[in-house]
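Report on the structure
One letter stands for each residue in the lines below.
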Amino acid sequence: MFSLIAKRMLQLIPTLFVVSVLIFSLQQLLPGDPALVMAGEEKDPEVIEQIRKQYRLDQPIPIQYVYWLKGVLTGNLGESMRLKAPVSDLVLSKLPVTLQLASMAMLIALLIGVTAGVVSAVYRGTKLDYIVNVIGLIGISTPNFWLGIMLIFLFAVNLGWLPASGYVSPFEDFWGSLKTTILPAFVLGNAIAGVLMRHTRSAMLQALDSDYVRTARAKGLLEPKVVIKHAMRNALTPVITLGALEFGTLLSGAVLTEQIFTIPGFGKLIVDAVFNRDYAVVQGVVLVTATTYVLLNLLADIGYVLVNPRLRG
Amino acid sequence: MRYKLMAGLFAAALMSGAALAQSPSTLRIGLAEDPDVLDPTLGRTYVGRIVFSSICDKLFDIDDKLNIIPQLALSHTTSADGKEVTIKLRPGVKFHDGEAMDAEAVKFSLERHMNFQGSFRKPELSAVEKVEIIDPLTVKLVLKNPFSPLIAQLTDRAGMMVSPKAAKEGGDKFGLKPVCAGPYKFVERVQQDRIVVEKFADYWDKANVFIDRIVYLPITDSTVRLANLKSGQLDLIERALATDIKDIKATKNIKLATALELGYQGLTMNIAKSDAGKAGLGLDPRVREALDLAIDRKALNDVVFNGEFVPGNQWVNPENPWYMKNFPVKGRDVAKAKKLMADAGVKTPLTIDFMVPNNPETRQVAEVIQSMAAEAGFDMKIRITEFATSLQQAEQGNYQAYLIAWSGRTDPDGNIYSFAACKQPLNYSGFCEADVDALLNETRAISGMDKRKPVYEKVAAKLLDGRGGILYLYHRKVLIAHTDRLEGYTQRPDGLVRVVGLKFK
């Protein structure tokens with residue numbers, strides 16, 4: 001187990017190095033000159049020249065990269081050109097928001113997705129199975145932005161139960177925070193629930209048809225115990241992988257959903273940064289999310305071993 | 001026991017109700033974007049100016065008719081040769097940190113705008129040679145050459161005064177905690193979430209400030225912004241959509257405040273910026289005149305904006321005092337346009353690379369222009385381009401027609417000089433004629449509308465109807481929607497949300 005973790009941690013280093021080189025080179029492919037964008041309507045040649053110098057945009061890419069890498073290794077992610085604020089401050093201020101939203105969304109997705117998947121597998125071929133499947137498909141295929149706007153109209157404008165958008169920290173006001181995040185979390189969770197449901201269902205079907213389940217039933221175990229203890233435990237392995245990957249995607253920022261509900265998370269940060277060619281911010285956010293993604297993969301691997309003892313070699 | 005508990009809860013509810021009634025009044029404003037850095041020297045966005053209008057007062061302001069009115073300054077006089085401008089300051093004005101807003105501070109602020117690294121105000125104040133202190137409440141700006149638009153520049157960020165003490169301490173991080181002399185002082189900012197300001201007790205005009213706090217909330221999606229206003233989460237929103245005007249007017253409890261924008265929406269033609277330009281609309285002046293005649297500006301406004309905006313043909317809108325009435329908006333004339341194309345000897349359809357920034361409204365405008373121009377023999381190939389990319393391509397001359405707007409300035413010089421004078425930074429068309437340059441420079445050297453406007457008319461004769469690099473199409477309205485509980489809101493053409501004098505019913 002420890003060797004597995006240590007090995008994966010070591011793998012993190014080359015992965016992140018490749019990621020950082022990729023971010024740097026891909027940005028150069030982005031058309032548009034950051035200094036020009038930053039100057040906007042105040043396009044004076046002298047001013048633009050000064051911006052280029054100040055942010056080392058006049059230097060060759062490899063040199064810019066070395067400066068950046070040196071900063072990162074000493075814990076300095078650089079400074080936002082647009083906001084004159086350190087990138088690490090921006091990332092740190094967004095991280096709790098994104099983390100909260102992602103966790104809530106994942107919780108909703110797991111609750112709905114896994115339950116629905118198990119139910120539809122156990123009652124396979126019945127009307128219930130059919131209904132759950134149709135709802136699952138609707139969940140997968142509903143566009144987030146549409147569902148978001150519809151929910152805002154229903155719950156904020158018509159019923160007036162929830163605020164239309166915005167964000168409150170749970171440390172300031174717990175209920176207020178729940179009120180502002182429940183709709184976006186539901187929108188995000190809904191799409192993932194559909195996917196999780198499909199995977200849980202097929203994994204469960206396979207497990208329920210397997211020999212060990214037949215044996216368990218033959219031993220005279222009660223059906224709930226067979227389903228939960230024997231079938232589900234095995235069927236959960238692919239669901240964990242999928243869940244971890246989906247969680248990683250949530251952490252890298254739910255761009256559209258954050259935009260609609262005006263949640264100040266990673267998604268809004270990175271989109272604004274890309275449109276303003278605020279390179280330091282883009283690099284910082286991508287680096288952080290890439291690291292989280294790799295770490296989550298590692299956690300998923302540990303998770304397998306925990307639910308499925310056969311993998312503990 | 002249970003009754004006691006109930007009674008206790010009830011009392012608690014009543015008390016919290018009473019506390020609410022006394023709680024400070026807050027104005028919640030929905031912004032269309034997250035502002036950039038809140039430093040008047042380094043700021044460059046429109047949305048940033050909206051926030052500045054509550055925290056940073058300026059030397060001068062404008063009224064509904066674009067007249068220059070005093071704010072932190074009381075008056076200005078220009079010497080006979082136009083090279084010295086003397087400004088008298090308002091006495092007893094304090095910055096948010098208690099420092100005095102006097103001649104010393106004005107000199108500091110203006111010099112910071114002029115010299116600070118990365119200052120975007122530098123070009124706006126480039127005519128200023130130096131700032132001299134005459135007495136504690138008088139400064140003299142010595143100019144390199146006469147420059148009549150100067151006072152108008154001081155009605156915007158270049159005229160915003162900052163506390164010298166705070167600015168020296170803050171350096172280039174001053175914008176993270178700006179200290180100015182406006183009606184509200186900066187409290188906190190959470191990036192992309194909110195900016196909070198509160199009433200400044202020592203404001204020079206404090207008798208007219210009624211609301212305790214203002215919270216600015218950036219909400220990008222216009223539908224969501226409006227939904228927040230309707231549901232009572234916001235009190236005022238900026239940049240409502242023209243297509244939502246009907247809905248807003250039909251909603252009770254919501255009012256709409258409008259003014260015609262200072263800027264224009266236009267089509268920039270590449271005449272000589274690059275070879276691509278010379279091979280397209282730069283082929284012959286008659287081709288550009290034909291394109292101008294092919295566009296029905298009234299129909300464009302009716303189709304895309306439900307007729308809510310105003311068709312235009314000059315760098316200022318038809319209601320602006322600088323509008324030249326002897327150059328009215330012409331109607332469409334396809335027959336004449338076709339004849340001009342034939343006279344110019346170009347083979348039709350003439351293919352034009354039409355660069356259009358990616359935005360639903362501009363896309364529709366482009367499609368309408370495309371179909372109108374087609375009848376006169378143009379094949380406008382629309383190329384939807386992300387905004388930042390389009391700026392760079394325009395700079396490189398990698399386009400033939402470009403649908404790009406200008407936000408506008410108080411003085412007409414800001415709407416024309418940099419676009420039409422040779423080799424100026426915003427001259428994307430490559431238009432360059434010595435006599436136009438001479439006329440534009442003349443308008444800068446003389447002052448007074450009565451003297452400058454006749455010179456602008458000479459410029460108009462050389463530039464309008466497709467003779468210059470830009471076809472002016474229409475002018476948008478500044479659309480501000482607010483709850484009817486808010487009293488005293490009026491809109492001025494610069495689009496800023498002024499907060500002095502506002503109160504809740």
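What you see is a predicted model, and the numbers here were worked out from it, not measured in a lab. (Residues numbered from 1 in each chain as written. Chains lettered and ligands numbered in written order. Predicted model: local features only at pLDDT ≥ 70, side-chain atom pairs only at ≥ 80, totals over all residues. Heavy atoms only, no water.)

Quick look at helix 13 (residues 387-396) of chain B
The following threshold applies: Any residue under 20% of the maximum accessible area for its type is buried, any over 50% is exposed, and the rest in between are partly exposed; the area is computed with a 1.4 Å probe on protein chains only. Per the convention used, a helix needs a DSSP run of H or I reaching at least four residues, while a strand needs a run of E reaching at least two, with both numbered from the N terminus.
Listing the buried residues of helix 13 of chain B in full gives Ala388(B), Thr389(B), Ser390(B), Leu391(B), Gln393(B) and Ala394(B). Looking one or two residues past helix 13 of chain B, Gly397(B) carries a phi angle of roughly 75 degrees, positive in sign.

Some details on the pairing of strand 13 (residues 264-269) of chain B
Residues and elements named next belong to chain B. Our working rule: A pair of strands counts as paired when DSSP detects no fewer than two bridges linking them.
Taken across its 6 residues, strand 13 has 6 buried, putting it largely inside the fold. Because side chains alternate across strand 13, one face comprises the buried residues Tyr264, Gly266 and Thr268, and the other comprises Gln265, Leu267 and Met269, equally buried. Both strand 13 and strand 18 (residues 470-475) contribute to a ladder of 4 bridges, which runs antiparallel. The residue of strand 18 that forms the bridge with Gly266 is Tyr472.

Looking at unusual backbone geometry
Residues and elements named next belong to chain B. Going from Thr348 to Pro349, the amide bond is cis rather than trans, its omega being -5 degrees. Among the secondary structure elements, Pro349 is positioned in the loop between helix 11 (334-344) and strand 15 (350-357). Phi angles above zero are rare outside glycine, and Lys423 is one such case at about 60 degrees. Structurally, Lys423 can be placed in the loop between helix 14 (413-420) and helix 15 (434-445).

Observations concerning the packing of aromatic side chains
For clarity, the threshold we go by: Two rings from Phe, Tyr or Trp (for Trp, the six-membered ring) form a pair when their centres sit within 6.5 Å of each other. Planes less than 30 degrees apart are called stacked, planes more than 60 degrees apart edge-to-face, and all others tilted. For a Lys NZ or an Arg CZ to count as sitting over a ring, it must be within 6 Å of the ring centre and within 35 degrees of the ring normal.
If you walk through the whole model with that rule in mind, you get 17 aromatic pairs over all chains. Here Phe155(A) and Trp161(A) contribute two aromatic rings whose centre-to-centre distance is 6.0 Å and whose plane-to-plane angle is 45 degrees, an arrangement assigned as tilted. Residue Phe155(A) is classed as partly exposed on the basis of its relative accessible area, which comes to 21%. Relative accessible area serves as the criterion here: at 57%, Trp161(A) is assigned to the exposed category. Counting every residue linked through ring pairs, the aromatic cluster contains Tyr264(B), Trp315(B), Trp322(B), Trp406(B), Phe419(B), Tyr456(B) and Tyr472(B). Positioned above the aromatic ring of Tyr67(A), the side-chain terminus of Arg56(A) is 3.7 Å from the ring centre. Above the plane of the ring of Phe210(B) lies Lys503(B), whose end atom (NZ or CZ) is 4.5 Å from the centre.

A word on a positive patch on the surface
All names here are of chain A. Inclusion rule: The patches described consist of residues with a relative accessible area above 30% and no salt bridge, like charges being joined within 9 Å and nonpolar side chains (Val, Leu, Ile, Met, Phe, Trp, Tyr) within 5 Å. Per-residue and other accessible areas follow the Shrake-Rupley method at a 1.4 Å probe size, with only the shown protein chains counted as cover for residues. By definition, a salt bridge exists where a carboxyl oxygen of Asp or Glu is found within 4 Å of a side-chain nitrogen of Lys or Arg. In this tally, Lys and Arg are treated as positive and Asp and Glu as negative; His is ignored, and so are the chain termini. The atom standing in for a charge is NZ when the residue is Lys, CZ when it is Arg, CG when it is Asp and CD when it is Glu.
Positive charge collects at one region of the surface, where Lys219, Lys225, Lys229 and Arg233 lie side by side. Its place among the elements puts Lys219 in the loop between helix 9 (211-218) and helix 10 (223-251). Taking relative accessible area as the criterion, Lys219 reaches 61% and is therefore assigned exposed.

Examining the sheet that holds strand 1 (residues 26-31) of chain B
All names here are of chain B. Reading across the sheet, the 7 strands line up as 8-9-10-1-11-19-12 and stay open at both edges, with mixed pairing between neighbours. In this open sheet, the two strands that pair with only one neighbour each are strand 8 (184-190) and strand 12 (254-260). The pairing of strand 8 with strand 9 (residues 194-199) spans 6 bridges and is classified as antiparallel. For Glu188, the partnering residue across the bridge sits in strand 9 and is Val196.

A closer look at the sheet that holds strand 14 (residues 310-311) of chain B
Residue and element names in this part refer to chain B. This is how the line gets drawn: Should any heavy atoms of two residues lie within 4.5 Å, those residues are counted as being in contact. Here an axis means a line fitted to C-alpha atoms, over the contact stretch when the element is a helix, while the angle between two N-to-C directions is reported on a 0 to 180 degree scale.
Pairing within the open sheet is mixed, and its 6 strands lie in the order 14-18-13-17-15-16. Each edge of the open sheet is held by one strand with a lone partner, namely strand 14 and strand 16 (378-385). Packed on one face of the sheet, helix 12 (residues 360-374) meets strand 13, strand 15, strand 16, strand 17 (401-406) and strand 18 and runs near 165 degrees to strand 16.

Digging into the nonpolar core
Note the threshold: The set of buried Ala, Val, Leu, Ile, Met, Phe, Trp, Tyr and Cys residues whose side-chain atoms join them within 4.5 Å is what this entry labels a nonpolar core.
In terms of nonpolar packing, the biggest core is built from 98 residues, with Leu267(B), Leu291(B), Phe354(B), Ile369(B), Phe378(B), Met380(B) and Leu403(B) touching the most fellow members. Here the element with the most residues in this core is helix 8 (residues 174-208) of chain A; it accounts for 12 residues. Non-local contacts of Leu403(B), meaning those with residues more than four positions away in its chain, are made with Gly266(B), Leu267(B), Phe354(B), Met355(B), Val356(B), Pro357(B), Thr362(B), Val365(B), Ala366(B), Ile369(B) and Leu473(B). The next biggest cluster of nonpolar side chains, apart from the first, holds 38 residues, and it includes Leu31(B), Ile211(B), Tyr489(B) and Leu496(B).

Overview of the packing of helix 5 (residues 87-122) of chain A against helix 10 of chain A
Residues and elements named next belong to chain A. Inclusion rule: For a crossing to be left-handed, the near helix must be turned anticlockwise from the far one by less than a right angle; the clockwise case is right-handed.
The N-to-C vectors of helix 5 and helix 10 enclose an angle of 145 degrees; their axes lie 10 Å apart at closest approach. Helix-helix and strand crossings are classified by hand; for helix 5 and helix 10 the assignment is right-handed. Residues Thr98, Leu99, Ala102, Ser103, Ala105, Met106, Val114, Val118 and Val122 of helix 5 pack against Val227, Met232, Val239, Gly243, Glu246, Phe247, Leu250 and Leu251 of helix 10.

What about the interface of chain A and chain B?
To keep it simple, the criterion reads: Once two parts are put together, the accessible area they lose, assessed with a 1.4 Å probe and summed over both, is termed the buried area. In protein, a polar contact requires one atom able to donate a hydrogen and another able to accept it; more generally it is a pair of N or O atoms within 3.5 Å, and residues adjacent in sequence count only if both atoms are side-chain atoms.
Taken together, the contact between chain A and chain B spans 45 residues of the former and 47 residues of the latter. Buried surface at the junction of chain A and chain B, summed over both partners, amounts to about 4000 Å²; 54% is from carbon and sulfur atoms. On inspection of chain A and its partner chain B, the count reaches 3 salt bridges. In this structure, Lys173(B) and Glu79(A) form a salt bridge, with 2.5 Å as the shortest nitrogen-oxygen distance. At the boundary of chain A and chain B, one finds 11 residue pairs in polar contact (both at pLDDT 80 or more). Of all the secondary structure elements, the ones that give two or more residues to the side of chain A that touches chain B are helix 2 (34-39), helix 3 (45-54), helix 5, helix 7 (144-158), helix 11 (255-261) and helix 12 (266-275) of chain A.

Here we look at the domain arrangement of chain A
All names here are of chain A. For clarity, the threshold we go by: Domain delimitation in this document rests on an assignment produced automatically or drawn from a domain database.
Domain annotation of chain A identifies domain 1 (1-82 + 278-307) and domain 2 (95-275). Each of domain 1 and domain 2 was reduced to a C-alpha centroid, and the two centroids are 30 Å apart. Listed per partner, the contact involves 17 residues of domain 1 and 17 residues of domain 2. Between domain 1 and domain 2, a total of about 1500 Å² is buried, with carbon and sulfur atoms accounting for 78% of that surface. Between domain 1 and domain 2 we count 0 salt bridges in total.

Here we look at helix 7 of chain A
An α-helix turns once per 3.6 residues; consequently, residues spaced three or four apart project the same way. Residues and elements named next belong to chain A. Put simply, the rule is: Working rule for helices: expected span equals 1.5 Å times residues minus one.
In this model helix 7 runs 20 Å from its N-terminal to its C-terminal C-alpha over 15 residues, within 8% of the 21 Å that 1.5 Å per residue would give. Among the residues of helix 7, those classed as buried are Leu147, Gly148, Ile149, Leu151, Ile152 and Ala156. The positive-phi residue at the C-terminal boundary of helix 7 is Gly160, with phi of around 70 degrees.

Focus: the environment of Ala227(B)
Checked against the element boundaries, Ala227(B) lands in helix 6 (residues 222-230). Discounting residues that sit within four places of it in the chain, Ala227(B) has contacts with Ile152(A), Val157(A) and Ala164(A).

Some details on the state of the cysteines
All names here are of chain B. What counts here: The disulfide criterion is simple: two cysteine sulfur atoms within 2.5 Å.
Under the definition given, this model contains 2 disulfides over all chains. The disulfide partner of Cys56 is Cys180, and the gap between their sulfur atoms is 2.1 Å. Between Cys56 and Cys180 the sulfur-sulfur dihedral comes to about 50 degrees; the bridge is accordingly right-handed. Of the two residues, Cys56 sits in the loop between helix 2 (46-55) and strand 2 (60-62) while Cys180 sits in the loop between helix 5 (164-170) and strand 8, which places them 124 residues apart along the sequence.

Structural notes on the side chain of Arg49(B)
Residues and elements named next belong to chain B. Following the sequence through the fold, Arg49 ends up in helix 2. Here the side chain of Arg49 touches Asp156 through a polar contact of 3.2 Å, side chain to side chain. With residues near it in sequence (within four places) discarded, Arg49 still touches Asp156, Arg157, Asp494 and Leu496.

Let's talk about the confidence of the model for chain A
Quick note on the threshold: A residue's pLDDT is simply how confident the predictor is in it, with values from 0 to 100.
Summing up the model confidence of chain A, the mean pLDDT is 82 and the portion of residues at 70 or higher is 97%. Within chain A, helix 5 of chain A carries the highest mean pLDDT (89), whereas helix 2 of chain A carries the lowest (78).

Focus on the side chain of Arg82(A)
Within the secondary structure, Arg82(A) is located in the loop between helix 4 (61-73) and helix 5. The side chain of Arg82(A) sits in the buried core without any salt bridge; Asp34(B) is the nearest counter-charge, 4.4 Å away. Apart from residues no more than four positions distant in its own chain, Arg82(A) is found in contact with Asn276(A), Asp278(A), Asp34(B), Pro35(B), Asp36(B), Val37(B) and Arg44(B).

A closer look at the pattern of salt bridges
All told, the structure shown has 46 salt bridges over all chains when counted by the stated rule. Note that Glu386(B) is salt-bridged to Arg277(A), the shortest N-O span being 2.7 Å. With Glu386(B) in the loop between strand 16 and helix 13 and Arg277(A) in the loop between helix 12 and helix 13 (279-307), this pair bridges two chains. You can call Glu386(B) partly exposed: its relative accessible area is 24%. What makes Arg277(A) buried here is its relative accessible area of 2%. Close ionic contact of Asp275(B) with Lys278(B) constitutes a salt bridge, the shortest N to O distance being 3.9 Å. Residue Asp275(B) and its partner Lys278(B) are both found in helix 8 (residues 275-278); the two are separated by 3 residues, about one turn of the helix. Each of Lys58(B), Asp61(B), Asp64(B), Arg492(B), Asp494(B) and Arg498(B) takes part in a single network of salt bridges with overlapping partners.

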